[in-house]
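Chain residues, written in single-letter form:
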Amino acid sequence: MQGRSPQLSMELNRLLLLTSFLLHVEEGRASPVRLVCDSRLIQKYIGEAKDMEKRAGQCQALPTLSCPAVLPLVDFSLQQWKSKSNETKRREILCDLALLVGAVVRAQGQVTQECGAAQLSQLRQHANSFLLLLQTFGLEAGPWEPGCSPRSVEQTHVTGIFLTYRQLVQGKLRFFFHDLAKDLCKEGQGGDRDPRCGAR
């Protein structure tokens, strides 16, 4: 039996991600928007990002990337962030995620070591899941297209990719979920808690 072509495998992975996401929504018997109303969910994502970063750091002999990965700069001013609309925030995060996924793909082509390759594969799945999730939160008419140019930096260390992902989830994504919850969640669903209260 011949192996699957890379293109077929990519399509199957995308289908699996979408199916997994839809099952998550179905299990909760809720629209995707309701997922932001449980503050435990974003804390789960943050915990997973920290775990992936830790495991990647424990991988032995990770290579230096000969072709640097281009990563988004995900630091931000909280004051400026609060002045933006939720749609602007959503599109900014989508741009960051699209660039991050591209960096993971570039790194995957250079990392053959089993431990590092496994962690990169998991990171790619998580980041792609967020891309799917945030595209369901379209607050304005018209599809999102990855034609943006976020601030970026080149990185030759694989662990830097995991650090950027963790910072994105712990920063912009956490505050974005909190902002959505304030507008879309009913009282008593745990959506009104300040995201800084759950930080470690």
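Here, every reference points to the structure presented above.
Residues numbered from 1 in each chain as written. Predicted model: local features only at pLDDT ≥ 70, side-chain atom pairs only at ≥ 80, totals over all residues. Heavy atoms only, no water.

*Asks:* Quick question: what am I supposed to make of the side chain of Thr164 here?
*Replies:* Mapping Thr164 onto the fold places it in helix H6 (residues 158-184). Residue contacts for Thr164: discarding those within four places in its chain leaves Leu71, Pro72, Val74 and Leu100. (Helix = DSSP H or I, 4+ residues; strand = E, 2+ residues; numbered from the N terminus. Contact = heavy atoms within 4.5 Å.)

*Asks:* Help me understand H6, please; the structure alone is not making it clear to me.
*Replies:* Side chains that are three or four residues apart share a direction in an α-helix, a result of its 3.6 residues per turn. Relative to the 39 Å expected for 27 residues at 1.5 Å per residue, H6 spans 37 Å between its end C-alpha atoms, a close match to the ideal helical length. Across the 27 residues of H6, 20 count as buried, placing the element largely inside the fold. (Expected span 1.5 Å × (residues − 1). Buried < 20%, exposed > 50% of the residue type's maximum accessible area, 1.4 Å probe, protein only.)

*Asks:* Quick question: what am I supposed to make of the packing of helix H4 (residues 86-108) against helix H5 (residues 114-135) here?
*Replies:* Packing of H4 against H5 leaves a shortest axis separation of 9 Å and a crossing angle of 155 degrees. When the interaxial angle is binned, H4 and H5 end up roughly antiparallel. As for the relative orientation of H4 and H5, their crossing is left-handed in sense. Mapping the contact onto sequence places Arg90, Ile93, Leu94, Leu97, Ala98, Val101, Val104, Val105, Ala107 and Gln108 in H4 and Leu120, Ser121, Leu123, Arg124, Ala127, Asn128, Phe130, Leu131, Leu134 and Gln135 in H5. Along the lines of polarity and charge, the residues of the contact of H4 with H5 split into 14 nonpolar, four polar and two charged. (Axes fitted to C-alpha atoms, helices over the stretch in contact; angles between N-to-C directions. Parallel < 35°, antiparallel > 145°, perpendicular 65-115°, else oblique. Left-handed = near helix turned anticlockwise from the far one by under 90°. Nonpolar A, V, L, I, M, F, W, Y, C, P; charged D, E, K, R; others polar.)

*Asks:* I keep staring at the state of the cysteines and nothing clicks. Help me out?
*Replies:* Applying the stated criterion across every chain, the model contains one disulfide. Between the sulfur atoms of Cys59 and its disulfide partner Cys115 the distance amounts to 1.9 Å. One quick way to see it: the torsion about the S-S bond of Cys59 and Cys115 is about -70 degrees, and its sign makes the bridge left-handed. Within this pair, whereas Cys59 is found in the loop between helix H2 (39-58) and strand E1 (64-72), its partner Cys115 is found in helix H5, the two being separated by 56 residues in sequence. Assessed through its relative accessible area of 9%, Cys59 is described here as buried. (Disulfide = S-S within 2.5 Å.)

*Asks:* For this particular structure, what's the right way to read the pattern of salt bridges?
*Replies:* Side chains that carry opposite charge are capable of pairing whenever their charged atoms lie near each other. This structure, assessed with the given rule, holds ten salt bridges. Put simply, Glu92 and Lys84 hold a salt bridge, and the shortest N to O gap is 2.6 Å. In this structure, Lys172 and Asp96 form a salt bridge, with 2.8 Å as the shortest nitrogen-oxygen distance. Separated by 76 residues along the polypeptide, Lys172 in helix H6 and Asp96 in helix H4 bring together distant segments of the chain. Classification of Lys172 by relative accessible area gives buried; the value is 3%. Linked through salt bridges whose partners overlap, the residues forming this network are Lys84, Glu92, Asp96 and Lys172. (Salt bridge = Lys/Arg side-chain N within 4 Å of Asp/Glu carboxyl O.)

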